[in-house]
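# Coordinate analysis (summary)
As a plain string of letters, each chain reads:
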Amino acid sequence: MQEVKVLDKRFRMYIPEDQLQKRIAQMAEEINRDQKGKDVIFIGILNGVFLFAADLFRRINLDARISFLKLASYEGTSSTGKIKELIGWNEDITGKTVIVIEDIVDTGNTLERIVGELALRKAAEVKIATLLFKPEAYRKDVSIDYIGFEIPNDFVVGYGLDYDGYGRNLDSIYTLIQ
Ligand code: IMP
């Protein structure tokens, strides 16, 4: 589908499924190479990350665990800047290498909050992997280790990402038609 409608808005095809899958396979290879021999825990940030986390993690060949945290700072199509509650801490990460998996890094508020919590919980090393990154919107200093695609500062849906809860089941990434 070249164009889709989600609720009241129209979106056009931006990153097709085969390109997503190809890039995710490359990211997994890079992580496998860099983290070889380490006991790694992946922490996915819900909800948007669930498809990316599944496709990335199934290609990881390290002795690795995965867990998920939930936190949302978004309502509608523009960031409210509000950070909601962070729930789901049930792993001991003391002394571990943690790889945070995000669907998209926009302003970086969410990421900064999570990296702060991981430091408090004494992770030995924290790496960040995100499928999408909006460099023009990013306002933080946390460095991002693995980036799938850099994209312009436009609103996207699909492959886990939503517009007001809908659009997550699209298998490609679509961008808002202004
Ligand atoms: P940040 O805290 O501003 O970096 O925003 C991160 C979160 O905002 C992501 O995990 C998404 O849930 C959401 N988000 C940011 N940009 C988009 C977008 O273009 N489409 C859908 N959700 C987005």
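Relevant structure appears above.
Note that this is a predicted model, so its numbers are computed, not measured. (Residues numbered from 1 in each chain as written. Predicted model: local features only at pLDDT ≥ 70, side-chain atom pairs only at ≥ 80, totals over all residues. Heavy atoms only, no water.)

## Regarding the environment of K70
Mapped onto the secondary structure, K70 falls in strand β4 (residues 64–70). K70 gets classed as partly exposed once you look at its relative accessible area, which sits at 37%. Placed 50 residues apart in sequence, K70 and L120 show a C-alpha to C-alpha distance of 18 Å. (Helix = DSSP H or I, 4+ residues; strand = E, 2+ residues; numbered from the N terminus. Buried < 20%, exposed > 50% of the residue type's maximum accessible area, 1.4 Å probe, protein only.)

## Overview of the sheet that holds strand β11 (residues 173–176)
Taken in spatial order, the four strands of this open sheet run β1-β2-β11-β10, and their pairing is antiparallel. Sheet topology places β1 (3–6) and β10 (156–157) at the edges, where each strand pairs with a single neighbour. Strand direction decides the pairing type here: strand β2 (residues 9–15) and β11, joined by four bridges, are antiparallel. Each residue of the ladder has a partner; that of M13, found in β11, is Y174. (Pairing = 2+ DSSP bridges.)

## Regarding unusual backbone geometry
With an omega of 0°, the peptide bond running from L46 to N47 counts as cis. With respect to the helices and strands, the residue N47 is situated in the loop between β3 (40–46) and α2 (50–57). Non-glycine residue K122 carries a positive phi angle of around 65°. Topologically, K122 is positioned in the loop between α3 (109–120) and β8 (125–133). Of note, the phi angle at Y159 is positive, near 50°, even though the residue is not glycine.

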